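Residue strings, one per chain:
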Amino acid sequence: MSRKSINIVSSPAVPLRMENVDTDQIIPARFLKATTRDGFGKNLFRDWRYEQDDESKPKADFILNKKQYAGDILIAGKNFGCGSSREHAAWALKDYGFDVVVSSFFADIFSNNALNNFLLPVTVSPAFLEKLFNAVETDPDCTISVDLSNQSITIAESNESEHFELNPYKKECLLNGYDDIDYLLSIKDRIEAFENQRAKI
């Protein structure tokens, strides 16, 4: 079951060294008929993972099919999640098992969809992204640690680290596993106190 709350994610990572990956490549349009979020992971990067759309014929050179790479973190090239606004792209990544996606640039709509689905998009500098790729490609067991509370991402073996920005509201939601309604319920007492105070004016 995919987790909602995120604080520290320490894991090996999967390096997808490709730029301008759009949402149709993340989850092809023919798989968008389902209305629930479950089951999309099996079709993540479907056209890149299999020959002739045949699950019995995985493409050996695609990164998700290389057994040495696994983990909760996807490291992607610049401009990840461009293209259409389909929320299913975030569903597919989360359902596959990723909790964090790292890139030097995300499409705004994808980034928002990811945050709304408890998938943390971490934006790093191009230079640090290259360090991440090099570290993971050199040693697939290399641990990448993402600390949401401190908004930092660290390469454990070298202790190189970088700070990342995040909307404070979305940060609180991720730390607590809140969707928008959960958040409102969490501050119900404050809302009621505000409304009572207004009523006295």
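Scroll up a little and you will see the structure.
Below or above, wherever it landed, is the structure these notes cover. Remember, predicted model here, so these are calculated numbers, not experimental data.

Counting residues in each nonpolar core, the largest one holds 56 residues, and the members touching the most others are Phe45, Phe80, Leu93, Val102, Phe110, Leu120 and Ile153. Among the elements that make up this core, the one with the highest residue count is helix H5 (residues 126–138) (six residues). For Leu93, the contacting residues outside a window of four places in its chain are Ile26, Leu44, Phe45, Leu74, Phe80, Phe98, Val101, Phe110 and Leu119.

Looking now at helix H6 (residues 168–176). All of the buried residues in H6 are Lys170, Lys171, Cys173 and Leu174. The buried residues of H6 occupy an angular sector of 165 degrees when the element is viewed end-on, so they sit on one face. For H6, the side-chain oxygen to backbone nitrogen distance between the N-cap and Tyr169 is 2.8 Å, and the N-cap itself is Asn167. Where H6 ends, the next residue or the one after it, Gly177, has phi of about 70 degrees, a positive value.

Moving on, we get to unusual backbone geometry. Located in the positive-phi region is Gln52, a residue other than glycine, with phi close to 50 degrees. Its location among the elements puts Gln52 in the loop between helix H2 (46–49) and strand E3 (73–76). Even without glycine at this site, Phe118 takes up a positive phi of about 60 degrees. Position of Phe118 among the secondary structure elements: in the loop between helix H4 (108–116) and strand E5 (120–123). Residue Phe118 is classed as buried on the basis of its relative accessible area of 6%.

The subject of this paragraph is the sheet that holds strand E4 (residues 100–103). If you walk across this open sheet you meet the four strands as E2-E3-E4-E5, and the pairing is parallel. The sheet is open, and its two borders are formed by strand E2 (13–16) and E5, each paired with just one other strand. Each neighbouring strand pair of the sheet contributes to a mean axis angle of 20 degrees, computed without reference to strand direction. Strand direction decides the pairing type here: E3 and E4, joined by three bridges, are parallel. What sits directly across from Leu74, in E4, is Val101. Against the sheet, H5 makes contact with E2, E3 and E4, and its axis sits at roughly 120 degrees relative to E3, the strand it touches most.

Turning to the pattern of salt bridges, a few remarks are in order. Between side chains of opposite charge, a pair can form when the charged atoms approach closely. Taken as a whole and judged by the stated rule, the model has nine salt bridges. Ionic pairing is found between Asp53 and Arg46, a salt bridge with its closest N-O pair at 2.6 Å. Taking relative accessible area as the criterion, Asp53 reaches 35% and is therefore assigned partly exposed. Where salt bridges share partners, they join Arg30, Arg46, Asp47, Asp53 and Glu55 into one cluster.

This brings us to the environment of Leu74. With respect to the helices and strands, Leu74 occurs in strand E3. You can call Leu74 buried: its relative accessible area is 0%. Distance from Leu74 to Glu195, taken between C-alpha atoms, is 44 Å for residues 121 residues apart in sequence.

The next thing to look at is the sheet that holds strand E6 (residues 144–147). Each strand in a sheet pairs with its neighbour through backbone hydrogen bonds, running either in the same direction (parallel) or in the opposite one (antiparallel). A sheet is described by the order of its strands in space; here four strands give the open sequence E1-E6-E7-E8, paired in antiparallel fashion. Across the chains shown, the open sheet's two edge strands, defined by having one partner strand only, are strand E1 (8–11) and strand E8 (160–163). Neighbour-to-neighbour, the strand axes of this sheet turn through a mean angle of 10 degrees, independent of strand direction. Examined bridge by bridge, E6 and strand E7 (residues 152–155) share four bridges and lie antiparallel to one another. Its bridge partner lying in E7, Asp147 is registered against Ser152. Docked against the sheet, H5 engages E6, E7 and E8, running at close to 40 degrees with respect to E7.

One pass over the structure, following the stated rule, counts eight aromatic pairs. Ring centres of Phe40 and Trp91 lie 5.4 Å apart, and the angle between their planes is 70 degrees; this geometry places the pair in the edge-to-face category. Of the two residues, Phe40 is situated in the loop between helix H1 (23–26) and H2 and Trp91 in helix H3 (residues 88–96); the sequence distance between them amounts to 51 residues. What makes Trp91 buried here is its relative accessible area of 10%. Ring centres 6.0 Å apart and planes at 20 degrees place the aromatic pair Phe106 and Phe110 in the stacked group. The exposure class assigned to Phe106 is buried, which follows from its relative accessible area of 5%. Judged by its relative accessible area of 3%, Phe110 is buried. Each residue in the set Phe45, Trp48 and Phe62 is aromatic and connected to the rest through ring pairs, giving one cluster.

Thresholds applied
Residues numbered from 1 in each chain as written. Predicted model: local features only at pLDDT ≥ 70, side-chain atom pairs only at ≥ 80, totals over all residues. Heavy atoms only, no water. Core = buried A, V, L, I, M, F, W, Y, C linked by side-chain atoms within 4.5 Å. Buried < 20%, exposed > 50% of the residue type's maximum accessible area, 1.4 Å probe, protein only. Helix = DSSP H or I, 4+ residues; strand = E, 2+ residues; numbered from the N terminus. Contact = heavy atoms within 4.5 Å. Arc of directions from axis to C-beta. Polar contact = N/O pair within 3.5 Å; in protein donor to acceptor, adjacent residues only side chain to side chain. Pairing = 2+ DSSP bridges. Axes fitted to C-alpha atoms, helices over the stretch in contact; angles between N-to-C directions. Salt bridge = Lys/Arg side-chain N within 4 Å of Asp/Glu carboxyl O. Phe/Tyr/Trp six-rings, centres within 6.5 Å; stacked < 30°, edge-to-face > 60°.

Distances and angles like these do not, on their own, reveal function.
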